[in-house]
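Here is how the chains run, residue by residue.
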Amino acid sequence: MGAWLPAEGPHSEIFNNLFPFLTPLTISLVAAISEETIYRLFGISLFKKLSGSTAVALIVPAAIWAFGHSNYPVFPVYIRGIELTIAGVLFGLAFLHYGLVACIVAHYVFDAVALGMPLVTSGNSTYLISGLVIMGLALVPGVAGFFAGRRA
């Protein structure tokens, strides 16, 4: 599609921390809780009430959320917004079918893996362990859900 993204990742600040796992952990948790509450819980509810349409209620908050993430160096500039609008609609569908907690967990897992990956691939053992801690924490909800499902 002719999109361009620089080779280096946008989250190099995670290496400038005494405890490198804190940056991805904090960013992932704050983003998941705040964004899913604002754009899924309130956004979908508001646009459903205003428009009466579930499709509009899914697409509009997803697009607002997505284009708010368009500050990464990418060309053409709108490609990140389109890409994340699709993800936002999927998060919205998950919200409608499974609730807010499922969206928060999914968003956290996505961000934790994306932000932990530079640590894992750095070649430094301290960063590797920090990245594995973040990604391991992303597995906790899945493991808990698995065992909860087995009991039911």
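Residues numbered from 1 in each chain as written. Predicted model: local features only at pLDDT ≥ 70, side-chain atom pairs only at ≥ 80, totals over all residues. Heavy atoms only, no water.

In this section: the nonpolar core. Listed in full, the 7 residues of the largest apolar core are L25, A32, I104, Y108, A112, I134 and A138. Those elements that place two or more of their residues in this core are α1 (22-51), α4 (100-120) and α5 (125-151). It is α4 that provides the largest number of residues to this core, a total of 3 residues. Sequence-distant contacts of A32, defined by excluding residues within four places in its chain, comprise I104, H107 and Y108. (Core = buried A, V, L, I, M, F, W, Y, C linked by side-chain atoms within 4.5 Å. Buried < 20%, exposed > 50% of the residue type's maximum accessible area, 1.4 Å probe, protein only. Helix = DSSP H or I, 4+ residues; strand = E, 2+ residues; numbered from the N terminus. Contact = heavy atoms within 4.5 Å.)

Packing of α1 against α4 brings their axes to within 8 Å, and their N-to-C directions diverge by 145 degrees. Between α1 and α4 lies a crossing whose hand is right-handed. Split into classes, the residues belonging to the contact of α1 with α4 amount to 15 nonpolar, 4 polar and 4 charged. (Axes fitted to C-alpha atoms, helices over the stretch in contact; angles between N-to-C directions. Left-handed = near helix turned anticlockwise from the far one by under 90°. Nonpolar A, V, L, I, M, F, W, Y, C, P; charged D, E, K, R; others polar.)

With the rule as written, the count across this model stands at 3 aromatic pairs. Pairing W65 with F91 gives two aromatic rings, centres 5.9 Å apart and planes at 80 degrees, and the pair type is edge-to-face. Of this pair, W65 sits in helix α2 (residues 54-67) while F91 is found in helix α3 (residues 79-98), placing the two residues 26 residues apart along the sequence. With respect to class, W65 is no different from F91; both count as buried. The aromatic ring of W65 is capped on one face by R40, whose charged end is 4.6 Å from the ring centroid. (Phe/Tyr/Trp six-rings, centres within 6.5 Å; stacked < 30°, edge-to-face > 60°. Lys NZ or Arg CZ within 6 Å of the ring centre and 35° of its normal.)

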